[in-house]
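Coordinate inspection notes
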Amino acid sequence: MKYDKRNREALAKLAPNTQRAALAWYEYCEAIGAELLITETIRDLATQKANVAKGASQTLRSYHLVGQALDFVPVTGTATDYNAYARADIVKAIAEAKRLGFKWGGEWKTLVDKPHLEYPYTGYGLDKKLNPAFVPVLNPILTTKKEEDEDMAKLESAQAQFKPFAQTIIDSYLSPAWNKHNDAYKAALAKGDKAEADKQLNLRNWQNQLANAARVAAGMEKQ
Ligand SMILES: [Zn+2]
């Protein structure tokens, strides 16, 4: 993201729960390579009054005043581009913002405001204190590299803990059962009992499938 420092400084000014959702959105934008500049987040009342006076806004009840809105513009090269909201990556970014619970000003019925994303949270002006239990409506589709590494470490740790149990199940039950059915299979073949041979072969293969399921759960190679 070319304007990462500016963007993060802008996001840092948002109300806490809005900020959390906006960061999830921003990380999604980074992951898909959607270049953009966040031009404004929180706004003071004097600026808002000036915006209304010049027709850029229609309300003094702006979500920017309470830190629950941000404005962004697509970036092409190093230049901001207010005509690029239909660009594929920006369309995806907007869809993700909506999925996370933002409302997009590009869909306003009056005074279409394409740069604008606002986060209703639990209501206007109610996002004042970080709620640890609160998460964005949905988690972002893409996790960060760090989260993936952490998840993988947890999985590997769980597999390592399960490994001795898996080995015990295989050694003390599944392998002897495999041998028993294998012997019975050979005996049935020797007697020319095809139905019994097929049955024992199926049972033998079933022990192998169970053993492989245990191996996979323990992070071991199938055999
Ligand atoms: Zn706005």
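Since the model is a prediction, treat every value here as computed from it, not as a measurement. (Residues numbered from 1 in each chain as written. Predicted model: local features only at pLDDT ≥ 70, side-chain atom pairs only at ≥ 80, totals over all residues. Heavy atoms only, no water.)

1. What about the domain arrangement of the protein chain?
This is how it is decided: Domain start and end points were adopted from an automatic or database domain assignment.
The assigned domain composition of the protein chain is domain 1 (4-142) and domain 2 (148-217). Using only C-alpha atoms to locate each centre, domain 1 and domain 2 end up separated by 54 Å.

2. Description of the nonpolar core
Convention followed: To form a nonpolar core, buried Ala, Val, Leu, Ile, Met, Phe, Trp, Tyr and Cys residues must be joined to one another through side-chain atoms within 4.5 Å. Exposure categories follow from relative accessible area, calculated using a 1.4 Å probe and restricted to protein chains: below 20% of the type maximum is buried, above 50% is exposed, and the middle band is partly exposed. Contacts: residue pairs with any heavy atoms within 4.5 Å of one another.
Ranked by size, the top nonpolar core spans 28 residues in total, and within it Trp25, Ile38, Leu70, Phe72, Phe102 and Leu117 carry the most contacts. Those residues in contact with Trp25, other than ones at most four positions away along the chain, are Leu36, Ile38, Leu70, Phe72, Ala93, Glu96, Ala97, Leu100 and Leu117. Counting residues in hydrophobic clusters, the runner-up holds seven residues, among them Ala166, Ala211, Ala218 and Met220.

3. Let's talk about a nonpolar patch on the surface
We count it as follows: Residues enter patches when their relative accessible area tops 30% and they take part in no salt bridge; the joining distance is 9 Å for like charges and 5 Å for the nonpolar side chains Val, Leu, Ile, Met, Phe, Trp and Tyr. Computed by Shrake-Rupley with a 1.4 Å probe, the accessible areas treat only the displayed protein chains as cover when residues are assessed. Here, a salt bridge means any side-chain nitrogen of Lys or Arg that lies within 4 Å of a carboxyl oxygen of Asp or Glu. Helix and strand definitions follow DSSP, with helices as H or I runs of at least four residues and strands as E runs of at least two, each counted in order from the N terminus.
A surface patch of nonpolar side chains, about 230 Å² in accessible area, is lined by Leu45, Val52 and Leu60. Within the secondary structure, Leu45 is located in helix H3 (residues 45-53).

4. Focus on the packing of helix H1 (residues 4-11) against helix H2 (residues 16-32)
Put simply, the test is: Geometry is summarised by axes, namely lines fitted to C-alpha atoms with helices restricted to the contacting stretch, and by angles between N-to-C directions that run from 0 to 180 degrees. These descriptions rest on fixed angle ranges, namely under 35 degrees for roughly parallel, over 145 for roughly antiparallel, 65 to 115 for roughly perpendicular, and the rest for oblique. Throughout, a crossing is termed right-handed when the near helix is turned clockwise from the far one, and left-handed when it is turned anticlockwise from it by less than a right angle. Three classes are used, and their members are as follows: Ala, Val, Leu, Ile, Met, Phe, Trp, Tyr, Cys and Pro are nonpolar, Asp, Glu, Lys and Arg are charged, and the others, Gly among them, are polar.
Their axes nearest at 10 Å, the elements H1 and H2 cross at an angle of 160 degrees. Looking at the two axes, H1 sits roughly antiparallel to H2. Here H1 runs over H2; the crossing is right-handed. Contacts between H1 and H2 involve Asp4, Asn7, Arg8 and Leu11 on the former and, on the latter, Gln19, Ala22, Leu23, Tyr26 and Glu30. In the contact of H1 with H2, the residues fall into four nonpolar, two polar and three charged.

5. Some thoughts on the environment of Gln48
Tracing the sequence through the fold places Gln48 in helix H3. Take Gln48: its relative accessible area is 0%, and that puts it in the buried class. Considering only alpha carbons, one finds Gln48 and Leu60, 12 residues apart in sequence, at a separation of 6.4 Å. In this view, Gln48 contacts Arg43, Ser57, Thr59, Leu60, Ser62 and Leu65; residues no more than four positions away in its chain are not counted.

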